[in-house]
Amino acid sequence: MIEVLLLDYLKGQMDCDVGLSLDDVSKDKYIVLEKASDYPEEGLNHATFNIFIHDQTLFKTAVLSEILKEALISSQDEVDDISECDINYIRNYTDEVKKEPRYLCNVDFVFY
């Protein structure tokens, strides 16, 4: 499963909690993976993820998002089953109700 591959890889790359839900991470600094879609095409599998990034300030969240971006780009070379990683966007996604600084990363993967 691509979720497990990506989760295990990012846990080894990131200096924060990485999980598949908010219940899996501390509330201070985290990355949460959410698979938005997946489909097979011409013998390869494709998946789109929304990745939620949070740290204590908006600046720290932006820095964490840059570190995540580098890790995602490297995943195509470092994870055998991932053949392609295309980051569609990374943007401010602050939770205005909770006043929680967040970024949202939308990324497409091609994998075996």
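Residues numbered from 1 in each chain as written. Predicted model: local features only at pLDDT ≥ 70, side-chain atom pairs only at ≥ 80, totals over all residues. Heavy atoms only, no water.

Chemist: Explain the nonpolar core here, please?
Modeler: The biggest cluster of nonpolar side chains holds 27 residues, and the ones touching the most others in it are Leu10, Ile31 and Ile51. Residue assignment for this core shows that the elements contributing at least two residues are α1 (2-13), β2 (30-41), β3 (44-54), α2 (58-78), β4 (82-92) and β5 (102-111). For isoleucine 31, the residues in contact, after removing those within four places along its chain, are Met14, Cys16, Asp17, Val18, Gly19, Val25, Ile51, Phe52, Ile53, Leu64 and Leu68. Ranked by size, the runner-up nonpolar core spans five residues in total, among them Val25, Tyr30, Phe52 and Leu104. (Core = buried A, V, L, I, M, F, W, Y, C linked by side-chain atoms within 4.5 Å. Buried < 20%, exposed > 50% of the residue type's maximum accessible area, 1.4 Å probe, protein only. Helix = DSSP H or I, 4+ residues; strand = E, 2+ residues; numbered from the N terminus. Contact = heavy atoms within 4.5 Å.)

Chemist: How should I be thinking about the environment of leucine 58 in this particular structure?
Modeler: Of note, leucine 58 is situated in helix α2. Using a relative accessible area of 37% as the deciding quantity, one classes leucine 58 as partly exposed. For the pair leucine 58 and proline 101, spaced 43 residues apart in sequence, the C-alpha separation works out to 5.1 Å. Every residue in contact with leucine 58, bar those within four places of it in the chain, is listed here: Asn92, Thr94, Pro101 and Tyr103.

Chemist: Could you clarify how one ought to interpret the pairing of β3 in this entry?
Modeler: For a regular strand, side chains alternate in direction, first toward one face of the sheet and then toward the other. Counting buried positions along β3 gives nine out of 11 residues, so the element sits mostly inside the fold. As defined by bridge partners, β2 adjoins β3 across 11 bridges and the pair is classed as antiparallel. If you follow serine 37 over to β3, its bridge partner there is threonine 48. Between β2 and β3, which pair antiparallel one after the other, the connecting turn spans two residues, and glutamate 42 there sits at a positive phi close to 50 degrees. (Pairing = 2+ DSSP bridges.)

Chemist: Would you take a moment to explain the environment of leucine 22 for this structure?
Modeler: Following the sequence through the fold, leucine 22 ends up in the loop between β1 (17-19) and β2. Exposure remark for leucine 22: the relative accessible area of 38% places this residue in the partly exposed category. Spatially, the C-alpha atom of leucine 22 lies 21 Å from that of alanine 47, the residues being 25 residues apart in sequence. Setting aside residues no more than four positions away along its own chain, leucine 22 makes contact with Lys27, Tyr30 and Val32.

Chemist: Can you walk me through the pairing of β2 in this structure?
Modeler: Across three bridges, the pairing between β1 and β2 is parallel. Within β2, the position partnered with valine 18 by the bridge is isoleucine 31.

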